[in-house]
Amino acid sequence: MIHVGTEIINTDRLILRRFTLDDVDKLYKNWANDSDVVKFMRMNPHINVDDTKEFVESIINKYDKLDTYRWIIILKVIDEPIGFIGLTTISEYDMTADFGYSIGKPFWNKGYTTEALIAVLSYGLQVIGFNRLEAYHSINNMPSGKVMKKSGMTYEGRARQKYKSNLGFEDCDMYSIIKKDID
Ligand SMILES: CC(C)(COP(=O)(O)OP(=O)(O)OC[C@H]1O[C@@H](n2cnc3c(N)ncnc32)[C@H](O)[C@@H]1OP(=O)(O)O)[C@@H](O)C(=O)NCCC(=O)NCCS
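What comes next is a walk through the structure.

1. What about the nonpolar core?
Nonpolar side chains tend to gather and get buried jointly when the protein is soluble and globular.
Here comes step 1: In terms of nonpolar packing, the biggest core is built from 32 residues, with Leu16, Trp71, Ile85 and Leu87 touching the most fellow members.
Here comes step 2: Those elements giving two or more residues to this core turn out to be β2 (14-17), β3 (68-75), β4 (80-91), β5 (96-103), α3 (112-128), β6 (132-138), α4 (142-150) and β8 (168-178).
Here comes step 3: The element best represented in this core is α3, accounting for nine residues.
Here comes step 4: Listed in part, the 16 residues of the second largest apolar core include Val37, Val38, Met43 and Phe84.

2. Considering the pairing of β3
Here comes step 1: In terms of burial, β3 is a largely internal element, seven of the eight residues being buried.
Here comes step 2: The pairing of β2 with β3 spans four bridges and is classified as antiparallel. The residue of β3 that forms the bridge with Ile15 is Ile74.
Here comes step 3: Across eight bridges, the pairing between β3 and β4 is antiparallel. Paired with Leu75 across the strands is Glu80, a residue of β4.
Here comes step 4: What sits between the antiparallel neighbours β3 and β4 is a turn of four residues, in which Asp79 has the positive phi angle 55°.

3. Here we look at the pattern of salt bridges
Here comes step 1: Following the criterion strictly, the structure yields ten salt bridges and no others.
Here comes step 2: Across the salt bridge formed by Lys29 and Glu80, the nearest N and O atoms sit 3.1 Å from each other. Placement of Lys29 in helix α1 (residues 24-32) and of Glu80 in strand β4 is noted, with a sequence separation of 51 residues between them.
Here comes step 3: Taking relative accessible area as the criterion, Lys29 reaches 47% and is therefore assigned partly exposed.
Here comes step 4: The residue Glu156 makes a salt bridge to Arg132 at a minimum N-O spacing of 2.9 Å. A residue pair is termed long-range when its members are at least 10 positions apart, and Glu156 in strand β7 (residues 154-165) and Arg132 in strand β6 qualify at 24 residues.

4. Comments concerning the site of the ligand
Here comes step 1: Near the ligand, the surroundings consist of 21 residues, among which Asn109, Gly111, Thr113, Thr114 and Lys150 are the closest.
Here comes step 2: A distance of 2.8 Å separates an oxygen atom of the ligand from a polar atom in the backbone of Ile103.
Here comes step 3: Contacts to the ligand include Thr113, whose side-chain N or O atom sits 2.7 Å from an oxygen atom.
Here comes step 4: Calculation on the ligand without its partners gives an accessible area of 970 Å², and the protein chains cover 73% of this total.
Here comes step 5: For the shell around the ligand, the secondary-structure elements that each account for two or more residues are β5, α3, β6 and α4.
Here comes step 6: If you tally residues by element for the shell around the ligand, the top one is α4, at six residues.
Here comes step 7: Residues belonging to the shell around the ligand are distributed by class as follows: ten nonpolar, eight polar and three charged.

5. Quick look at the sheet that holds β8
Here comes step 1: Spatially, the eight strands line up as an open sheet ordered β1-β2-β3-β4-β5-β6-β8-β7, and their pairing is mixed. At either end of the open sheet lies a strand with only one pairing partner, and these are β1 (9-10) and β7.
Here comes step 2: Sheet topology note: the β6/β8 ladder contains seven bridges and is antiparallel. The residue of β8 that forms the bridge with Arg132 is Ile178.
Here comes step 3: Across the face of the sheet, α3 comes into contact with β1, β2, β3, β4, β5, β6 and β8 while running at roughly 35° to β4.

Thresholds applied
- Residues numbered from 1 in each chain as written.
- Predicted model: local features only at pLDDT ≥ 70, side-chain atom pairs only at ≥ 80, totals over all residues.
- Heavy atoms only, no water.
- Core = buried A, V, L, I, M, F, W, Y, C linked by side-chain atoms within 4.5 Å.
- Buried < 20%, exposed > 50% of the residue type's maximum accessible area, 1.4 Å probe, protein only.
- Helix = DSSP H or I, 4+ residues; strand = E, 2+ residues; numbered from the N terminus.
- Pairing = 2+ DSSP bridges.
- Salt bridge = Lys/Arg side-chain N within 4 Å of Asp/Glu carboxyl O.
- Near = heavy atom within 4 Å.
- Polar contact = N/O pair within 3.5 Å; in protein donor to acceptor, adjacent residues only side chain to side chain.
- Areas by Shrake-Rupley, 256 points an atom, 1.4 Å probe, with all protein chains shown as cover.
- Nonpolar A, V, L, I, M, F, W, Y, C, P; charged D, E, K, R; others polar.
- Contact = heavy atoms within 4.5 Å.
- Axes fitted to C-alpha atoms, helices over the stretch in contact; angles between N-to-C directions.

In structure tokens:
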């Protein structure tokens, strides 16, 4: 595999690119301040822009680690950030990564996350050269499962109390896509 770090990805309606400090105010407004968007995640909603600045800085500081990919999602029509998507290498030897995503509530149910994920899966398998990309979502977060299915991933089963979100232990549905699926 050749790790290239977080490079720009263009889709019809979105630009996926590196976070910058100029994104902080809009990211806070469009995404980070809402408790609903972190419901199935581990992070807390941001109380003020300083929280978002700290979050963005922690991501920027990791950009020299080329096997970790963190894109901010820019909605072209408003030229503002609406959320993020990222890939994290789990095993270099097994050529496997997992991923996560989250976007602001005003932008839900418009197909944006599916559009971003399709692009990131293709980038992960074809540009970086992962063999397998996997993810899971709480069984109570059906929209996330829809996104995975619509992006061409395959359901692999249910894992009991796979992780602990802000709500407690979550049973999760597991999905994957492998290189062979898109060849
Ligand atoms: C999960 C999340 C990323 C989905 O993003 P999105 O941009 O709204 O996703 P899309 O518009 O591409 O697809 C959402 C699908 O879920 C469906 N959906 C919405 N609410 C639903 C519900 N209560 N039950 C079942 N399906 C639902 C939508 O109809 C749509 O499917 P369709 O295109 O077949 O109609 C977004 O809700 C989010 O950021 N949530 C908070 C963070 C989070 O949960 N991250 C994932 C952690 S695993």
